[in-house]
Amino acid sequence: MLFHTWVFFVFFLIVYPVYLVVRANNRLMNWWLMLASYVFYGWWWFATSHQKPEECWKNPYLLLLFGTSAIDYLMVLFMDRSRTQAMRRLWLIVSLVSNFGFLGYFKYSDFITTNLNALLATMGSSIELPNPVAYPNAVLAAVNAPSDWYFTHVVLPVGISFHTFQSMSYTIDAYRGTIQTERSFVRFLTFVSFFPQLVAGPIERASNLLPQLQRTPPIRRQDITDGLSLFLVGFFKKVALADYLGKYVDPIYASPERFDAPALILATVAFGWQIYFDFSGYTDMARGIARVMGFHLMLNFNNPYAATGLGDFWARWHISLSTWFKDYLYFPLGGSRHGPLLTYRNMFLTMVISGVWHGADWTFVIWGALHALGRCLTRELEQTVFYKERVPTLFKQAWVFVFVTFTWIFFRARGDTEYSSLEKAWLVISRIFTAAWTDPRCPLLMAGLVLAVWVYQLLYTSRLAMARVLEWSPVRVGLAVAMIAYLAIVAQPSTNAFIYFQF
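Definitions and cut-offs
- Residues numbered from 1 in each chain as written.
- Predicted model: local features only at pLDDT ≥ 70, side-chain atom pairs only at ≥ 80, totals over all residues.
- Heavy atoms only, no water.
- Domains from an automatic or database assignment.
- Buried area = accessible area lost by both parts, 1.4 Å probe.
- Salt bridge = Lys/Arg side-chain N within 4 Å of Asp/Glu carboxyl O.
- pLDDT = per-residue confidence, 0-100.
- Helix = DSSP H or I, 4+ residues; strand = E, 2+ residues; numbered from the N terminus.
- Phe/Tyr/Trp six-rings, centres within 6.5 Å; stacked < 30°, edge-to-face > 60°.
- Buried < 20%, exposed > 50% of the residue type's maximum accessible area, 1.4 Å probe, protein only.
- Lys NZ or Arg CZ within 6 Å of the ring centre and 35° of its normal.
- Patch = residues over 30% accessible without salt bridge, like charges linked within 9 Å, V, L, I, M, F, W, Y side chains within 5 Å.
- Areas by Shrake-Rupley, 256 points an atom, 1.4 Å probe, with all protein chains shown as cover.
- Core = buried A, V, L, I, M, F, W, Y, C linked by side-chain atoms within 4.5 Å.
- Contact = heavy atoms within 4.5 Å.
- Polar contact = N/O pair within 3.5 Å; in protein donor to acceptor, adjacent residues only side chain to side chain.
- Expected span 1.5 Å × (residues − 1).
- Bend = angle between axes of the 7 residues up to and from the residue.

Chemist: Let's hear about the domain arrangement of the protein: which residues, and what values?
Modeler: Along its sequence, the protein is organised into domain 1 (6-217) and domain 2 (235-502). Distance between the C-alpha centres of domain 1 and domain 2: 28 Å. Each partner contributes to the roughly 3100 Å² buried at the junction of domain 1 and domain 2, and carbon and sulfur atoms together form 68% of this total. It is F165, P202 and R205 in domain 1 that bury the most area against domain 2; as a group they hold 18% of the surface buried on that side. Put simply, domain 1 and domain 2 have 1 salt bridge between them. Ionic pairing is found between D327 and R205, a salt bridge with its closest N-O pair at 3.0 Å.

Chemist: Kindly report on the confidence of the model for the protein, identifying the contributing residues and their values.
Modeler: With 96% of its residues at a pLDDT of at least 70, the protein reaches an overall mean of 88. Taking the mean pLDDT of every element in the protein, the minimum, 72, falls on helix α19 (residues 465-469) and the maximum, 96, on helix α7 (residues 185-193).

Chemist: Provide a residue-level description of the packing of aromatic side chains, including the pertinent values.
Modeler: Counted by the stated rule, this structure contains 64 aromatic pairs. With centroids separated by 4.9 Å and ring planes inclined at 50°, the aromatic side chains of F78 and W91 adopt a geometry described as tilted. Of this pair, F78 sits in helix α3 (residues 60-81) while W91 sits in helix α4 (residues 85-122), placing them 13 residues apart in sequence. For F78, a relative accessible area of 30% corresponds to the partly exposed category. Sitting above the plane of the Y344 ring, R379 keeps its charged end 5.9 Å from the centroid. Taking NZ or CZ as reference, K396 lies 5.1 Å from the ring centre of Y387, over its face.

Chemist: Explain a nonpolar patch on the surface to me, using residue names and the numbers behind them.
Modeler: Nonpolar side chains collect at one region of the surface, where W6, F9, V10, L13 and I14 lie side by side and expose about 580 Å² of accessible area between them. Relative accessible area serves as the criterion here: at 51%, L13 is assigned to the exposed category.

Chemist: Which residues make up unusual backbone geometry, and what are the values?
Modeler: A cis geometry characterises the amide bond from G201 onward to P202, with omega recorded as 5°. Assignment of secondary structure puts P202 in the loop between α7 and α8 (206-213). A positive phi angle, near 50°, is found at N303, a position not held by glycine. Tracing the backbone through its elements, the reader meets N303 in the loop between α10 (261-292) and α11 (310-314). If you check the backbone angles, H318 has positive phi at about 45° while not being a glycine. By the secondary structure assignment, H318 is in the loop between α11 and α12 (319-333).

Chemist: With reference to specific residues and values, describe the nonpolar core.
Modeler: Counting residues in each nonpolar core, the largest one holds 132 residues, and the members touching the most others are F195, M293, F295, W317 and Y500. For this core, the leading source of residues is α10, giving 17 residues. A domain-level breakdown of this core finds at least three residues from each of domain 1 (6-217) and domain 2 (235-502). M293 has contacts with F12, Y16, Y19, L33, F195, P217 and I219, leaving out every residue within four places of it along the chain.

Chemist: Describe the pattern of salt bridges, and please don't skip the residues or the numbers.
Modeler: Using the criterion set out here, one finds 14 salt bridges in the structure. Where R187 meets E182, a salt bridge forms, and the shortest distance between an N and an O atom there is 2.7 Å. Assessed through its relative accessible area of 16%, R187 is described here as buried. The salt bridge partner of K237 is D284, with a shortest N-O separation of 2.8 Å. On the criterion of sequence distance, the pair formed by K237 in helix α9 (residues 221-254) and D284 in helix α10 is long-range, its members being 47 residues apart. Assigned by exposure class, K237 and D284 land together as buried.

Chemist: So, the side chain of D223: which residues are in play, and what are the values?
Modeler: In this fold, D223 is placed in helix α9. On the basis of relative accessibility, which here comes to 3%, the residue D223 falls in the buried class. Engagement of the side chain of D223 in a polar contact is seen with the backbone nitrogen of R220, the distance being 2.9 Å.

Chemist: Quick rundown of the environment of F364? Include the residues and the values.
Modeler: Mapped onto the fold, F364 is located in helix α14 (residues 362-382). Accessibility expressed as a relative area gives 6% for F364, which makes it buried. In this structure F364 touches G355, V356, H358, G359, F411, R414 and F503, once residues within four positions along its chain are discounted.

Chemist: Could you give me a rundown of the environment of R379, with the residues and numbers involved?
Modeler: As for its position among the elements, R379 is in helix α14. Here the alpha-carbon distance between R379 and I224, two residues 155 residues apart in the chain, equals 41 Å. In contact with R379, other than residues within four places in its own chain, are S336, T343, Y344 and M347.

Chemist: Please set out α12 residue by residue, giving values where relevant.
Modeler: Between its terminal C-alpha atoms α12 stretches 20 Å, which fits the 21 Å expected from 15 residues at 1.5 Å a residue. At K326, α12 shows its largest kink, close to 35°. Within α12, the full set of buried residues consists of I319, S320, L321, S322, W324, F325, Y328, L329 and Y330. Summarising the contacts, the buried residues of α12 are in contact with α6 (160-176), α11 and α13 (340-358). G334 sits one or two positions beyond α12 and adopts a positive phi of about 125°.

In structure tokens:
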């Protein structure tokens, strides 16, 4: 179910009034939110697989969401009742193995199997690992399940990376003793499946969202106005900006061999803005929907293309994921506490694993490795007085944008019947440096929209007096009116899925 469609509009018109009625009773509120969230998630399976309504109970991905949540809920209860640290650690390990097992199967099994078979073939081995669907099908056959239940291929459940990490943060924090055990199963299911941020974040921590679900969220006039403003901004980013940029980016990246260097460079820059508008647009809408319900979700993007260093960029881009890896991977590895060599090792591993989190392809490994390398090479420089005070801000922002944009090539490249993802990425890079510099056409509307947003962000994050002007109510209302007018007059309706649904 997409936020920018009539289906969601009707869904929310049903959910919200009932929520306002039942929210005074915490138990009823959580029941209603949990049911609404499962309908929201189940709709994706129903809409994409065209199943008959009477067969919706067969939805394996609703069962996956419920099952992983139930395991984590039970493991924390077992931790709470354990008398020894060893037993607490055992239940944590069960939770982690369960989460990584499901995530690994659905997201990485095809990638791992394909690469292992290729490796075995190069070694001259006749062994070939079976298709990953063979394993669940064998289990289904063992219990005499109907044949129409069998898997034909592994389908990545939408949002599995997000709700898995959110649930894991609860079990890890409970093991550390930094949060209290949640006794209500329904409330915990609601925490994991809360529909505004279920399928693409922000990845909420239990310490932030669970306490809000344990009481009646106050809804003030400012919550309504701020929530609607956030939703409008996110809607504009998705429909007017991201989807419009995609019309230019997609044909060029589908057949890069047909285009010259200027078009490929422009498409790469456009994709950098497309993915920002698309992903931050989703989280703006998610935060807006939650806000009108009285819930406060964490900020996930903070003008990342105004960053003055790679460290600053990752403090502004996908903040909920960056802080998740910092708290649950980088710090447990040792952080920066054991000297520069181990610090850089920990930083490099964290960034590469972050790349792998985004997708099961070597292009994502390279994307993460490039950011890891860039971060390691510039960390000390970014901390110097010279870099902070002597290097012009615009120069720092420009080089960060160029570096990040270049790495987006690996993120965007998609394999097809003619080229693998790696071959497609290399084709784009090679043609940027070797193809002719003809056909410099640039859609003026696209360039104007991107430039306007970029100037706004640079002004907003600057120390200039203009930054304070942008906070004035008349200016904000004027911008809102302009966005509505553009959506009504220029922008075309869109039902394109969000880019991060594939992660």
